[in-house]
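# Structure assessment
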Amino acid sequence: MASNSVSLHSASGAASQVEVSELKTGEEDHWDQFVISSPSGTFCHLSGWSRVVTEVMGHRCFHLVARNQRGISGVFPISWVRNKLFGDCLISLPLAVYGGICAEDEESFRGLLKAGSDLARRLGVKYLEMRNRTEQFSTSLPGRDLYVTFSQDLSVGPERLLQRLPRDTRYAVRKSRKSGLAWTEDLSLDEFYDIYARSVYRLGTPVFSKRLFVRLRSEFSDHCRLFGVRKGPKAIAGVLCFYFREQVMPYYGGSLPEFYKDSPNNFMYWNLMEQSYREGYRHFDFGRSKYGTGAFNFKSSWAMEMTPLPYRYQLIRAKDVPQMSAADEKFRAPVALWKKLPFACTKILGPRLIRWIPSV
């Protein structure tokens, strides 16, 4: 994409020059250094995330960069999701719970927003979706109150964290520790994938391909770990975690329902918090959930800080904010049908289908 010079003015009235262009090959390290140093940067803003999206999902990615006199002042990763059923759209970013614009000042933010909107118009998509973790600067763009994210400060230590848990959750944690469960880091990817696929199947959601997890682990080899829970030799729960600055993010996880009586999820996430604290991590990001879902209720039971996610939409051809949640009425029949398919079939069909769903 050709470079765009966007002339802006600061609050004081002094002229400020911000140039927005597409990232050049070989500049990925500079991009990542900015993301890591920026208060609004997230793990999903790292350049490796877009590489995984392109290689596994097949979506073309754009990397918009704002520069001022000092160097990079903002980044905006965007993926082009092409779909004949739902219509083309731009997402920042697919597979990600967080995305949108990461900028150090308002001039850079406005320049990137304009460049992203211009790109959306040139491509003729229905909308541009920005999965903001926080809202750095106010806009008039519409949103949808669908997701929240949960986080916990680990710095107080496990003993105080356990005391702060609601009584039922504290009981479940203590009960799970007497159920013969073992915390392990020797879970194989095959074991994890089968557990994860069964978990999303019960929700009526198409599963990702195993290749996604292979690529995530290779792309982020120093910032990605796989943990599990065993009862005897059998793997009954697993979670794939990312690490960013002082933060641990349990990102993909699941457990087998036949072992729910042993509270394997409580056991798994409590052990992860304990271990993360011992290893020096001070923030536990439990990730996003939709209001009113089972995942939302489970995370709410941990007395964590709950923050609404201010996702925003630049509408281009669409007249309204897209309604792409599985909880929406129009998806209830497809979800019910998916749950009736043989599990083995969903592992074949799911990876082919899910890459076309814009909301993933």
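Going by the structure above, here's the rest.
Worth saying up front: this structure is predicted, and the values here are computed from it rather than measured.

## A look at the overall build of the protein chain
- The secondary structure content of the protein chain amounts to 11 helices and 15 strands.
- The globule rule puts the C-alpha radius of gyration for 360 residues at 21 Å, and the 21 Å found for the protein chain is close to it.
- Considering only C-alpha atoms, the protein chain reaches an extent of 65 × 45 × 35 Å along its principal axes.
- Burial analysis of the protein chain (360 residues in total) assigns 55% to the buried set.
- In the protein chain, once contacts between residues fewer than 6 apart in sequence are set aside, the share between residues at least 24 apart is 72%.
- Accessible surface computed for the protein chain: about 16500 Å², of which carbon and sulfur atoms make up 52%.

## Looking at helix H5 (residues 167-176)
- Those residues of H5 that sit buried are Thr169, Arg170, Ala172, Val173 and Ser176. Along the axis of H5, the buried residues cluster in a sector spanning 160 degrees; they form a single face. Pointing more than 90 degrees away from the buried face of H5 are the exposed residues Arg167, Asp168 and Tyr171.
- Next to the buried residues of H5 lie helix H4 (158-164), strand E9 (181-184) and helix H8 (264-278).

## Structural notes on the packing of aromatic side chains
- Tallied over the entire structure, the rule returns 32 aromatic pairs.
- Plain terms: the ring middles of Tyr127 and Tyr313 are 6.0 Å apart, the flat faces sit at 65 degrees to each other, and that makes the pair edge-to-face. Of this pair, Tyr127 sits in strand E7 (residues 127-130) while Tyr313 sits in strand E15 (residues 312-315), and the two are 186 residues apart along the sequence.
- Ring geometry for Phe286 against Trp302: centres 6.4 Å apart, planes inclined by 85 degrees, an arrangement best described as edge-to-face. Placement of the pair is Phe286 in strand E13 (residues 283-290) and Trp302 in the loop between helix H9 (294-300) and strand E14 (305-308), with a sequence separation of 16 residues.
- Of the residues examined, Phe286 reaches a relative accessible area of 4% and is grouped as buried.
- A relative accessible area of 1% means that Trp302 is categorised as buried.
- The rings of Phe43, Trp49, Phe192, Tyr193, Tyr196, Phe208, Phe213, Phe220, Phe242, Phe244, Tyr251 and Tyr252 are connected pair by pair, giving a single aromatic cluster.

## Some details on the pattern of salt bridges
- A complete count under the given rule lists 20 salt bridges for this structure.
- Asp190 serves as the salt-bridge partner of Lys210, at 2.5 Å between the closest nitrogen and oxygen. Placement of the pair is Lys210 in helix H7 (residues 210-219) and Asp190 in helix H6 (residues 189-203), with a sequence separation of 20 residues.
- Here Asp190 falls in the partly exposed class, since its relative accessible area comes to 48%.
- Arg225 is paired through a salt bridge with Glu279; the nearest N and O atoms lie 2.8 Å apart. Taken together, the residues span a long stretch of sequence, with Arg225 in strand E10 (residues 224-231) and Glu279 in the loop between H8 and E13 at a distance of 54 residues.
- With relative accessibility at 21%, the residue Arg225 sits in the partly exposed group.
- Three or more residues joined by partner-sharing salt bridges are found here, namely Arg51, Glu55, Arg215 and Glu219.

## A closer look at the nonpolar core
- Of all hydrophobic cores here, the largest spans 90 residues; its most connected members are Trp49, Phe208, Phe213 and Tyr252.
- With nine residues, strand E11 (residues 234-244) is the largest single contributor of residues to this core.
- Not counting chain neighbours up to four residues away, the residues in contact with Phe208 comprise Met57, Leu95, Tyr193, Tyr196, Phe213, Tyr252, Pro351, Ile354 and Val360.
- With 21 residues, the next largest nonpolar core counts Ala66, Ile78, Ala103 and Val125 among its residues.

## What about the pairing of strand E8 (residues 147-153)?
- Burial of E8 is extensive: six of the seven residues sit out of reach of the surface.
- By the bridge criterion, four bridges tie E8 to E14 in an arrangement that is antiparallel. Considered in E14, the bridge of Ser151 is made with Glu305.

## Some thoughts on unusual backbone geometry
- Residues Ser92 and Leu93 are joined by a peptide bond in cis, for which omega reads 0 degrees.
- Considering the arrangement of structural elements, one finds Leu93 in the loop between strand E5 (89-92) and strand E6 (102-103).
- With phi around 70 degrees, Leu95 is a residue other than glycine that occupies positive phi space.
- You can see Leu95 is positioned in the loop between E5 and E6.
- Residue Leu95 is classed as buried on the basis of its relative accessible area of 6%.
- Residue Arg245 is not a glycine yet carries a positive backbone phi of 55 degrees.

The rules behind these values
Just so you know, the residues in each chain are numbered from 1, in the order the chain's sequence is written. For a predicted model such as this one, the threshold for reporting local features is a pLDDT of at least 70, and the threshold for listing and counting side-chain atom pairs is 80 or more; totals across whole chains, interfaces and linings nevertheless cover every residue. Side-chain measures here rest on the full set of heavy atoms in the structure, leaving out hydrogens and waters. Numbering of helices and strands runs from the N terminus; a helix is a DSSP stretch of H or I covering at least four residues, while a strand is a stretch of E covering at least two. For a compact globule the rule gives 2.2 Å times the number of residues to the power 0.38, and the radius of gyration it is set against comes from C-alpha atoms. When accessible area is computed with a 1.4 Å probe and restricted to protein chains, residues below 20% of their type maximum are described as buried, those above 50% as exposed, and intermediate ones as partly exposed. When checking whether two residues touch, look at their non-hydrogen atoms; a contact exists if any pair is within 4.5 Å. Per-residue and other accessible areas follow the Shrake-Rupley method at a 1.4 Å probe size, with only the shown protein chains counted as cover for residues. Along the arc lie the directions from the helix axis toward the C-beta atoms. Two rings from Phe, Tyr or Trp (for Trp, the six-membered ring) form a pair when their centres sit within 6.5 Å of each other. Planes less than 30 degrees apart are called stacked, planes more than 60 degrees apart edge-to-face, and all others tilted. Salt bridges are defined by distance alone: a side-chain nitrogen of Lys or Arg within 4 Å of a carboxyl oxygen of Asp or Glu. Within this scheme, the nonpolar core is defined by two criteria: the residues are buried Ala, Val, Leu, Ile, Met, Phe, Trp, Tyr or Cys, and they are joined through side-chain atoms within 4.5 Å. Pairing between two strands is assigned when DSSP locates at least 2 bridges connecting them.

Any functional reading would require information beyond the geometric quantities listed.
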